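The primary structure of each chain is shown beneath.
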Amino acid sequence: MKYVKGAERPELPPVAPTSTDPGNGALADPDGLLAAALALAAEGGKVFPCHRVTEDGCTCGNYACKSPGKHPRNDHGSKDATTEPETIRMWWIKWGQHGRLNLGQTLTGRAVVDVDVAEGKPGEATWEALSAAQDVPKTLTYRTGRAGLQMVFQLPDGETGGKADGYSNTLGEAVDFKTGPGAYVMVPGSKTYDVYTVVHGAEPAPLPAWVADLARTAVPGTGGSVVAGRLEGAHLSDLLSLPADDPARGNNWLAAVAGHYAADAWKFAPPRGWSWYSDMARAANSASADPIGEADLLKTMRSIWDTEARQHEQAEAEAVENQAAALLDEMLTLDDLAAIPPARPVLKGYLYRGTVARMYGASGSMKSFLALDVAVHVANGWDWHGHRVEAGPVVYIVAEGAAGVWKRGAAWQQHHGKKIGPNLKFLPRPVQVTGPEWDALVAACERLRPVLVVLDTQARVTVGVDENSNTDMGEVVALVDRLKATTGACVWLVHHTGHNADRSRGASAVKGAMDTELSVKRDGKELDETTVTLGVEKQKDAEELPDKVFQPRQVVLDGLADEDGDPVTSVVLVPLKHAPRDPDKAAPLKAAILAHLCQSDPEPVSQARFRSGPYKPEKTHNTAVSAAFGELKDAGRIVQLGVKGYVLGDAEKAAGPVQTILK
């Protein structure tokens, strides 16, 4: 199946979008689609990937595609729309540079009057009749791929569009009214039968009041409106409200009612089935003063049901085919993968844009002090102890211990002699990931465009969720992923350890979903003897850095005292230059071996002789003896003389006698 261009476009000559955006780099953009999408995103407009029409048809691979070049490539369609330039460029690298990408733009806060003239449709005549003697302001206008017109308007303040504001989806025959978060139109540069272009490049004008009134009087599903001369009656409620003796309650009326019930039955999972459908249709028929006879009733019901079932099965088959084609289209070559920009570091070596990270530690390990220290450096653009940061807004959800955060921040400022800027935003209460406020938090973060979002702690933002359930926590991860995808930020969870202090608490599958996992361990009880160690336990796409060790320092806040007159204090973490080495548990055994070799010098000592002699510490396993001999040999401190045994190395002899305690 090949697509050919339609008739010559009338009226104004089209103006193709340009690709002069300096952020495009070397990406080819012949139709200006990428440039138009990036410009929309910079203005706050959300876009998402769709299939494109090529000479071989729609890139979905379905030659009977009902919406060529206009349906989404991604699983969630317009719900995954974004303003993130890096995501848009990634789509371009995957599909656009191969001529296989269109982009849709969502219409939250905007409305589009869509005049359809394809295949002889009367959209132009309908619009002329509707707008006669009305004021039609100059506004942003597109020419569609099939020579129609799309006029873009701005909705009044406070309106998002769609049913929530009382709008229908039609103004008249072949003139649609598209608006609201679930509606979309194609971005200029997209191609269906032809390339979408800009006819008039003005800013979207305010929606004329007469158009808004017309949209609100339309009857959804009838293809027209009361104002345009169409009759009401397509809704099930309208059909059922006809008087019992109304002559319109005939076979056509019954077919319309049965069509509604059949469609409703298939909407449920699993479908409600024939029994429910036939009961509802029979009940409607029996309410008529002159009901249709059983034979005709059964024939009509069966015909409607079979038609709906075939359409449902066909739609399911098409959906599978579309998904298969989309998956094939998403497969990349190694060169394609190389062209995808790497994740940008928020904190180089630790945290990266567009990832989910987690830091865990035992209660009292001072992990929240570490999280705050990182958040302050990122928000203010200050390198974090030798690691580069990306400066940008940081959102910190203080889900527990909010009362102490101000003190920690004040202590940080006093100790470092720096003022923490307004880029660091705190929300001093939890927002539940699975609760009704999560969508609002995602929307708020989308406005702030943070580079880092801290959720401190995971337990306090997942109240009521079974943290040991992979299923429940899988839902949490999916919702956190949505925050990541919408903002492009690094979402950083702060969590606790479980019974095993060496791993994070809860479902093991969560660790697999993390791009980064960090551990925090505290050693020592007294503050001046305490060290706090930050370790990298997992780093999906970067090198795992060595441990970084900190020491807490008490800060007495200047000029502050509590109600008893005692000074107010807090703590800051100061990095140590060198991490303390773990003690060598085999050191006493190695000292005993060296002492034995020193006493026997120059006579060699075998491992068997050492194990049976007086130098071997009590309750020492033979494997430990072999390991200790091997480590001393590898270090060059002893030398093996074949089967005779071992003697001290030259450097060891020069170091003098070995000091050890023998029991």
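Conventions we followed
- Residues numbered from 1 in each chain as written.
- Predicted model: local features only at pLDDT ≥ 70, side-chain atom pairs only at ≥ 80, totals over all residues.
- Heavy atoms only, no water.
- Helix = DSSP H or I, 4+ residues; strand = E, 2+ residues; numbered from the N terminus.
- Buried < 20%, exposed > 50% of the residue type's maximum accessible area, 1.4 Å probe, protein only.
- Contact = heavy atoms within 4.5 Å.
- Areas by Shrake-Rupley, 256 points an atom, 1.4 Å probe, with all protein chains shown as cover.
- Patch = residues over 30% accessible without salt bridge, like charges linked within 9 Å, V, L, I, M, F, W, Y side chains within 5 Å.
- Salt bridge = Lys/Arg side-chain N within 4 Å of Asp/Glu carboxyl O.
- Core = buried A, V, L, I, M, F, W, Y, C linked by side-chain atoms within 4.5 Å.
- Polar contact = N/O pair within 3.5 Å; in protein donor to acceptor, adjacent residues only side chain to side chain.
- Expected span 1.5 Å × (residues − 1).
- Arc of directions from axis to C-beta.
- Axes fitted to C-alpha atoms, helices over the stretch in contact; angles between N-to-C directions.
- Parallel < 35°, antiparallel > 145°, perpendicular 65-115°, else oblique.
- Left-handed = near helix turned anticlockwise from the far one by under 90°.
- Pairing = 2+ DSSP bridges.

## A word on the overall build of the protein
The helix and strand tally for the protein stands at 18 helices and 25 strands. In the protein, which comprises 663 residues, the share counted as buried stands at 45%. When contacts within the protein are restricted to residue pairs at least 6 apart in sequence, long-range pairs at least 24 apart make up 69% of them. Here the protein has roughly 33700 Å² of accessible surface; of this, 53% comes from carbon and sulfur atoms.

## What to know about a nonpolar patch on the surface
A cluster of nonpolar side chains, Leu-327, Leu-328 and Met-331, forms an exposed patch at the surface whose accessible area comes to about 360 Å². Positionally, Met-331 belongs in the loop between helix H8 (294–330) and helix H9 (334–339).

## Here's the deal with the nonpolar core
The nonpolar side chains of a soluble globular protein tend to be buried, and buried together. Formed by 46 residues in total, the largest nonpolar core has its most connected members in Leu-351, Leu-452 and Trp-492. Examining the composition of this core, we find that 9 residues originate from one element, helix H10 (residues 367–380), more than from any other. Residues in contact with Trp-492, not counting those within four places in the same chain, are Leu-351, Ala-357, Arg-358, Met-359, Ala-371, Val-374, Leu-452, Val-453, Val-454, Leu-455 and Leu-518. Counting residues in hydrophobic clusters, the runner-up holds 26 residues, among them Ala-399, Val-476, Val-477 and Val-491.

## Looking at unusual backbone geometry
With omega at 10°, the peptide bond leading from Asp-456 into Thr-457 counts as cis. With respect to the element layout, Thr-457 can be found in the loop between strand S18 (452–456) and helix H13 (470–487). Cis geometry is adopted by the peptide bond preceding Pro-602, which originates at Asp-601 and carries an omega value of 10°. Following the sequence through the fold, Pro-602 ends up in the loop between helix H15 (587–600) and helix H16 (607–612). Despite not being glycine, Glu-119 shows a phi value in the positive range, around 55°. Residue Glu-119 is classed as exposed on the basis of its relative accessible area, which comes to 66%.

## Here we look at the side chain of Arg-358
Inspection of the secondary structure assignment puts Arg-358 in strand S15 (residues 356–361). A distance of 3.0 Å separates polar atoms of two side chains, one belonging to Arg-358 and the other to Gln-458. When near neighbours in sequence (up to four residues on either side) are disregarded, Arg-358 contacts Gln-458, Trp-492, Leu-493, His-495, Ser-504, Arg-505, Val-510, Lys-511, Met-514, Thr-516, Glu-517 and Leu-518.

## Comments concerning the environment of Met-301
Turning to its location among the elements, Met-301 is positioned in helix H8. Its relative accessible area of 0% is what places Met-301 among the buried residues. Along the backbone, Met-301 and Ala-281 are 20 residues apart, and their C-alpha atoms lie at a distance of 7.5 Å. Once residues within four sequence positions are removed from consideration, Met-301 is found in contact with Trp-274, Tyr-277, Ser-278, Ala-281 and Arg-282.

## Some words on helix H7 (residues 273–286)
The end-to-end C-alpha distance of H7 is 20 Å, a good match for the 20 Å that 14 residues give at a rise of 1.5 Å each. Listing the buried residues of H7 in full gives Gly-273, Tyr-277, Ser-278, Ala-281, Ala-284 and Asn-285. The buried residues of H7 all sit within an arc of 135° when viewed along its axis, so they share a single face. Those residues of H7 hidden inside the fold are in contact with helix H5 (236–240), helix H6 (251–267) and H8.

## Here we look at the packing of H10 against helix H11 (residues 405–416)
Where H10 meets H11, the axes come as close as 11 Å, and the angle between the chain directions of the two elements is 55°. One way to sum up the angle between H10 and H11 is to call them oblique. Taken as a pair, H10 and H11 cross one another with a handedness that is right-handed. Between H10, through Ser-368, Phe-369, Leu-372, Asp-373, Val-376 and His-377, and H11, the contact on the second element is made entirely by Arg-408, Gly-409 and Trp-412.

## Examining the pairing of strand S21 (residues 531–539)
Most of S21 sits out of view: 8 of its 9 residues are buried. In this sheet, S21 lies alongside strand S20 (residues 516–523) in antiparallel orientation, the contact comprising 8 bridges. Directly across from Val-520, in S21, lies its bridge partner Leu-534. In this sheet, strand S22 (residues 548–561) lies alongside S21 in antiparallel orientation, the contact comprising 3 bridges. Of the residues in S22, the one forming a bridge with Thr-533 is Val-549.

## What to know about the pattern of salt bridges
Applying the stated criterion across every chain yields a total of 25 salt bridges. Close ionic contact of Asp-114 with Lys-178 constitutes a salt bridge, the shortest N to O distance being 3.1 Å. On the criterion of sequence distance, the pair formed by Asp-114 in strand S4 (residues 102–115) and Lys-178 in strand S8 (residues 175–186) is long-range, its members being 64 residues apart. The partly exposed category is assigned to Lys-178, whose relative accessible area is 23%. Taking the shortest distance from any N to any O, the salt bridge between Arg-282 and Glu-294 comes out at 2.8 Å.

Honestly, it's all geometry; don't read function into it.
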